[in-house]
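Now for the letters of each chain:
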Amino acid sequence: MNNATVGQNKNKEWVFVYYQICPKCNEPIIGIKVPKKREWYPSRFDTEGLVLLHK
Ligand SMILES: [Zn+2]
């Protein structure tokens, strides 16, 4: 997936958005996550804990 920084939440944790077009139905898949590990920037392939919005 692709990812990007959204910003810091009220707990001062960095929030990231993950997104791609679904390969099966060609509709967008969008997810939000706060990485558990203190990585400088989370891998775009590490979707553990992702909260997905998908029709
Ligand atoms: Zn789909």
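Conventions adopted
- Residues numbered from 1 in each chain as written.
- Predicted model: local features only at pLDDT ≥ 70, side-chain atom pairs only at ≥ 80, totals over all residues.
- Heavy atoms only, no water.
- Helix = DSSP H or I, 4+ residues; strand = E, 2+ residues; numbered from the N terminus.
- Buried < 20%, exposed > 50% of the residue type's maximum accessible area, 1.4 Å probe, protein only.
- Polar contact = N/O pair within 3.5 Å; in protein donor to acceptor, adjacent residues only side chain to side chain.
- Salt bridge = Lys/Arg side-chain N within 4 Å of Asp/Glu carboxyl O.

Caption draft 1: The environment of Asn3, seen in detail. Looking at the element boundaries, Asn3 is found in strand E1 (residues 2-8). Note on Asn3: relative accessible area 14%, which makes it buried. Through-space distance from the C-alpha of Asn3 to that of Lys36 is 16 Å; in sequence the pair is 33 residues apart. At a separation of 3.3 Å, a polar atom in the side chain of Asn3 contacts the side chain of Tyr41. Of the polar contacts made by the side chain of Asn3, one reaches the backbone oxygen of Pro42; its length is 3.1 Å.

Caption draft 2: Broad picture of the pattern of salt bridges. This structure, assessed with the given rule, holds one salt bridge. For the salt bridge of Lys33 with Asp46, the shortest nitrogen-to-oxygen distance reads 3.7 Å. In this pair, Lys33 is assigned in strand E3 (residues 28-33) and Asp46 in the loop between E3 and strand E4 (51-53), connecting sequence segments 13 residues apart. For the residue pair Lys33 and Asp46, the accessibility class agrees, reading buried in each case.

Honestly, that's just the spatial picture; any functional story needs more than this.
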